[in-house]
Amino acid sequence: MKELRTLVALTLLGIAACACGAQPEKPAVIIAVGGKASLYYLPLSLAERLGYFTDEGLQVEILDFAGGAKSLQALMGGSADVVSGGFDHVLVMRARGQKLKAFVLQIATPAISLGVAKKHAASFRSAKDLKGMKIGVTAPGSSTHAFVNHLLASVGLSSEDVSIIGVGSGPGAAAAMQAGHLDAIANIEPTITLLENAGTIQVMVETVTAQGARAVFGSPLPAGSLYTREEFVTANPKTVQALTNAMVRALRWLNTASAEDVAKAVPPEYLLGDRGLYLSALRRMRESYSKDGLFPPAGVEAQLRVLIGFEPAVREAKDLNPADSYTNDFVRKALEKYR
């Protein structure tokens, strides 16, 4: 019976692929993500929950990790085909000689906030006051960690001046902060709103809005994206196109859906037991989502400049061309399909 169900599922996937165009070379795709339930990865969850991957002839399995660095490790170790994660990882890995390429943008601003414990809030004036603090990030090496490194570098501090602790995102991260194990936390939504509403932290720096991103980085930076190895793109262009089609469709749905519609679409556990809090965090995140999935070339170049400020591998790379780190070709085709 199990074999029959599998055969039927694969047959339906094949029919869907034929209906949408060319069948993917690799229908079964494993995507690694660092904190699937967070709002940072909402477009990915929507593409899955609304059946858009299936409509494209794909059978997607999503592996969830504590942070983006862990999902990157899954890709590099061969246990995942694609990562849904921070675009900054693509540039850093290319600087280290690993040819990764991003092919659809989900988040158009970094969407990371820094909150400090209420006991430190009154005396906090700038990132210089992070010195000596225990700072929670989703995982060492993740985009939240890079965000902290940038803040430190901007005031003449280094990673040696603080203690970085990986706490993941969601309830685990909130619990670590509420238990007093951390002095500050760099994280994503809805964790930040949860902690702020509870009176545990005060947000001192935000890059969710374009204005906040400009204040910190000088420009909105492309952040959450789907990326993979260049050879995967070359060997599986129809699969990459199918993934892109699903993601662009999810972005289009998200950009017109109400907050209530989104809350109904995601699994109940994503709401963290507080629907109102989730809706509040979603409204805060709205500006951050990409409208079309396209990478802005100026934003990519700005991301590179930011990384040069604190990432030795990027600073020392001799032939790192930011234009090689992404492609908009698949998104343009998806936009033609869904215009």
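Presented here is an overview of the structure given in this document. (Residues numbered from 1 in each chain as written. Predicted model: local features only at pLDDT ≥ 70, side-chain atom pairs only at ≥ 80, totals over all residues. Heavy atoms only, no water.)

## Some points on the pairing of strand β8 (residues 184–187)
What counts here: When accessible area is computed with a 1.4 Å probe and restricted to protein chains, residues below 20% of their type maximum are described as buried, those above 50% as exposed, and intermediate ones as partly exposed. Helix numbering and strand numbering both begin at the N terminus, where a helix is a DSSP run of H or I of at least 4 residues and a strand a DSSP run of E of at least 2. When DSSP finds two or more bridges between a pair of strands, those strands are recorded as paired.
Alternating positions in β8 separate into two faces, Ala184 and Ala186 on one and Ile185 and Asn187 on the other, with burial throughout. For strand β5 (residues 113–117) and β8, the ladder comprises four bridges, and the chain directions are antiparallel. Paired with Ser113 across the two strands is Asn187, which belongs to β8. In this structure, strand β6 (residues 134–137) lies alongside β8, joined through two bridges in parallel fashion. Along β8, the bridge assignment pairs Ile135 with Ala184.

## Observations regarding helix α7 (residues 143–154)
Where we set the bar: Helix span is expected to be 1.5 Å times the residue number reduced by one.
Its 12 residues place the ends of α7 16 Å apart at the C-alpha level, agreeing with the 16 Å of an ideal helix rising 1.5 Å per residue. Within α7, 10 of the 12 residues are buried, which leaves the element mostly enclosed by the surrounding structure. Within the sequence span of α7, burial applies to Ser143, Thr144, His145, Ala146, Phe147, Val148, Asn149, His150, Leu151 and Leu152. Looking one or two residues beyond α7, the residue adopting positive phi is Gly156, at roughly 80°.

## Notes on the sheet that holds strand β2 (residues 59–65)
The test is simple: Between N-to-C directions, angles cover 0 to 180 degrees, with each direction set by a line fitted to C-alpha atoms, over the stretch in contact for helices. Here, two residues are considered to be in contact whenever any of their heavy atoms come within 4.5 Å of each other.
The five strands are arranged β2-β1-β3-β10-β4 in an open sheet whose pairing can be described as mixed. Where the open sheet ends on each side, the last strands, each with one partner, are β2 and β4 (100–105). Across this sheet, the average inter-strand angle for adjacent strands is 30°, counted without regard to direction. Across three bridges, the pairing between strand β1 (residues 28–34) and strand β3 (residues 82–86) is parallel. Bridge assignment links Ile31 to a residue of β3, and that residue is Val82. In this fold helix α5 (residues 88–95) packs onto β3, β4 and β10 (224–229), with an angle of close to 165° to the strand it touches most, β4. Sitting on the sheet, helix α12 (residues 237–256) is in contact with β1, β2, β3, β4 and β10, with an inclination near 35° to β4.

## Structural notes on unusual backbone geometry
Following Glu189, the chain continues to Pro190 via a peptide bond in cis, the omega torsion being 10°. Among the secondary structure elements, Pro190 is positioned in the loop between β8 and α9 (191–197). For Ala111, which is not glycine, the phi dihedral falls at a positive 60°. Residue placement: Ala111 occurs in the loop between β4 and β5. With a relative accessible area of 2%, Ala111 lands in the buried category.

## Some points on the pattern of salt bridges
Formally: Throughout this description, the term salt bridge denotes a Lys or Arg side-chain nitrogen within 4 Å of a carboxyl oxygen of Asp or Glu.
Throughout the structure, instances matching the rule amount to 12 salt bridges. For Lys26, the salt bridge goes to Asp81, with nearest N and O atoms at 3.2 Å. Placement of Lys26 in the loop between α1 (2–20) and β1 and of Asp81 in the loop between α4 (68–77) and β3 is noted, with a sequence separation of 55 residues between them. By relative accessible area, Lys26 is classed as partly exposed at 29%. In this structure, Lys36 engages Glu48 in a salt bridge whose closest nitrogen and oxygen atoms are separated by 2.7 Å. Of this pair, Lys36 sits in the loop between β1 and α2 (42–49) while Glu48 is found in helix α2, placing the two residues 12 residues apart along the sequence. Its relative accessible area of 15% is what places Lys36 among the buried residues.

## Quick word on the pairing of β3
Counting buried positions over the five residues of β3 gives five, a clear majority of the element. With four bridges connecting them, β3 and β10 associate as antiparallel partners. The residue of β10 that forms the bridge with Gly86 is Gly224.

Scope: geometric values only; no functional claims are made or implied.
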